[in-house]
Amino acid sequence: MTIPTPSPRRALVLFSGGQDSTTCLAWALSRYGRVETIGFDYGQRHSAELACRAPLRRRLAEMKPDWAARLGEDHLLDARVLRELGASAMTDDIAITLQASGLPNTFVPARNLLFFTLAAAQAYRRGLDVLVGGMSQTDYSGYPDCRDNTIKALQVALSLGLDQPLTLETPLMWLDKADTWELARQLGGAALVELVRVETHTCYLNRRDVLHAWGYGCGECPACVLRARGYAQWKARSRPHSDRP
Ligand code: ZN
């Protein structure tokens, strides 16, 4: 699925070290002539994902010479000010529950708005004109800053505020988790699926002691449940017809 002549546009991928952003990074590497990455330390409980970032970048570059040639610098920013604004189950050791608003208490208000704004500032200084994020409206936790309209409005605001066009790409917006596994297969075959399965981190509770069919995690937090269900659905969908009962 690698495009032989990549777009001359230059991208900055919001890269956390999780399944979605790793798939987005492979997607960007197959499209753009130059791809840099940016990550944020916001005091997340699942800090294991930050440790996954460097090995993932290295392994992706080893996967295809084109990708190695296009992969540029990595940037890691301190966004722990988000934690100072208040507790959430994403940053503090409290049980994951639904709030009266209907949103889970893993919601960190304005997290993605801040991340895209900081990424836009970095992109401006680095001469990059596409921001890529792994937000999805199809299979998500109800976070309003993952919605397509939020991202589209932000694209307009950032482009106006910087006085230069900035494109916000969200290749997973209309994919469910099973589709995201399939996208990884299309972009990098079984090797990329295996990289995503074993080397990315999703679990909110930071567990990496048990390797399940779908990867490491506690198997019970909302992030693990989504990832496990998507993997099982993808496996069921991709099974050859002759194997089906
Ligand atoms: Zn978990």
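Residues numbered from 1 in each chain as written. Predicted model: local features only at pLDDT ≥ 70, side-chain atom pairs only at ≥ 80, totals over all residues. Heavy atoms only, no water.

Draft legend 1. Structural detail: the sheet that holds strand S1 (residues 7-14). The strand order across the open sheet formed by five strands is S3-S2-S1-S4-S5, and the pairing between neighbours is parallel. Strands with a single pairing partner mark the edges of an open sheet, and in this sheet they are strand S3 (71-78) and strand S5 (167-169). Taken pair by pair, the neighbouring strands of this sheet meet at an average axis angle of 25°, ignoring direction. (Pairing = 2+ DSSP bridges. Helix = DSSP H or I, 4+ residues; strand = E, 2+ residues; numbered from the N terminus. Axes fitted to C-alpha atoms, helices over the stretch in contact; angles between N-to-C directions.)

Draft legend 2. Molecular detail of the packing of aromatic side chains. As enumerated under the stated definition, the model contains six aromatic pairs in all. Taking 4.2 Å as the distance between ring centres and 5° as the angle between the ring planes, the aromatic pair formed by phenylalanine 40 and phenylalanine 115 counts as stacked. With phenylalanine 40 in strand S2 (residues 32-41) and phenylalanine 115 in helix H5 (residues 111-126), the pair connects residues that are 75 residues apart, well separated along the chain. Considered together, phenylalanine 40 and phenylalanine 115 belong to a single accessibility category, that of buried residues. Of the aromatic side chains, those joined through ring pairs into one cluster are Phe40, Tyr42 and Phe115. (Phe/Tyr/Trp six-rings, centres within 6.5 Å; stacked < 30°, edge-to-face > 60°. Buried < 20%, exposed > 50% of the residue type's maximum accessible area, 1.4 Å probe, protein only.)

Draft legend 3. Here's a closer look at the coordination of the zinc ion. At this site the zinc ion is bound by Cys203 (SG), Cys218 (SG), Cys221 (SG) and Cys224 (SG), with donor distances of 2.3 to 2.4 Å. Each of the four donor atoms bound to the zinc ion contributes to angles spanning 105 to 117°, and the resulting shape is tetrahedral. One chain supplies every donor for the zinc ion, spaced along it as C-x14-C-x2-C-x2-C. Of this pair, cysteine 203 sits in the loop between helix H7 (177-199) and strand S6 (211-212) while cysteine 221 sits in the loop between strand S7 (215-216) and helix H8 (222-238), placing them 18 residues apart in sequence. The exposure class assigned to cysteine 221 is buried, which follows from its relative accessible area of 4%. (Donors = N, O, S within 2.8 Å, 3.2 Å for Na, K, Ca; no water. Tetrahedral: all angles 85-135°; square planar, octahedral: opposite > 155°, others 65-115°.)

Draft legend 4. Fine view of the environment of glycine 39. Among the secondary structure elements, glycine 39 is positioned in strand S2. Here the alpha-carbon distance between glycine 39 and valine 13, two residues 26 residues apart in the chain, equals 8.6 Å. Not counting chain neighbours up to four residues away, the residues in contact with glycine 39 comprise Phe15, Arg53, His75, Leu76 and Leu77. (Contact = heavy atoms within 4.5 Å.)

Draft legend 5. Region of the structure containing the side chain of arginine 111. Position of arginine 111 among the secondary structure elements: in helix H5. Side-chain polar atoms of arginine 111 contact the side chain of tyrosine 42, separated by 2.7 Å. For arginine 111, the residues in contact, after removing those within four places along its chain, are Tyr42, Leu82, Met90, Tyr143 and Asp145. (Polar contact = N/O pair within 3.5 Å; in protein donor to acceptor, adjacent residues only side chain to side chain.)

Draft legend 6. Here's a closer look at the packing of helix H1 (residues 19-29) against H7. Where H1 contacts H7, the axes come no closer than 10 Å and their chain directions differ by 70°. Of the possible angle classes, the one that applies to H1 and H7 is roughly perpendicular. Relative to H7, the crossing made by H1 is left-handed. Contacts between H1 and H7 involve Gln19, Asp20, Thr22, Thr23, Ala26 and Trp27 from the first element and Lys177, Thr180, Trp181, Leu183, Ala184, Leu187, Leu192 and Val196 from the second. Here the contact of H1 with H7 is built from residues that sort into eight nonpolar, four polar and two charged. (Parallel < 35°, antiparallel > 145°, perpendicular 65-115°, else oblique. Left-handed = near helix turned anticlockwise from the far one by under 90°. Nonpolar A, V, L, I, M, F, W, Y, C, P; charged D, E, K, R; others polar.)

In short, shape yes, function no, at least from these values alone.
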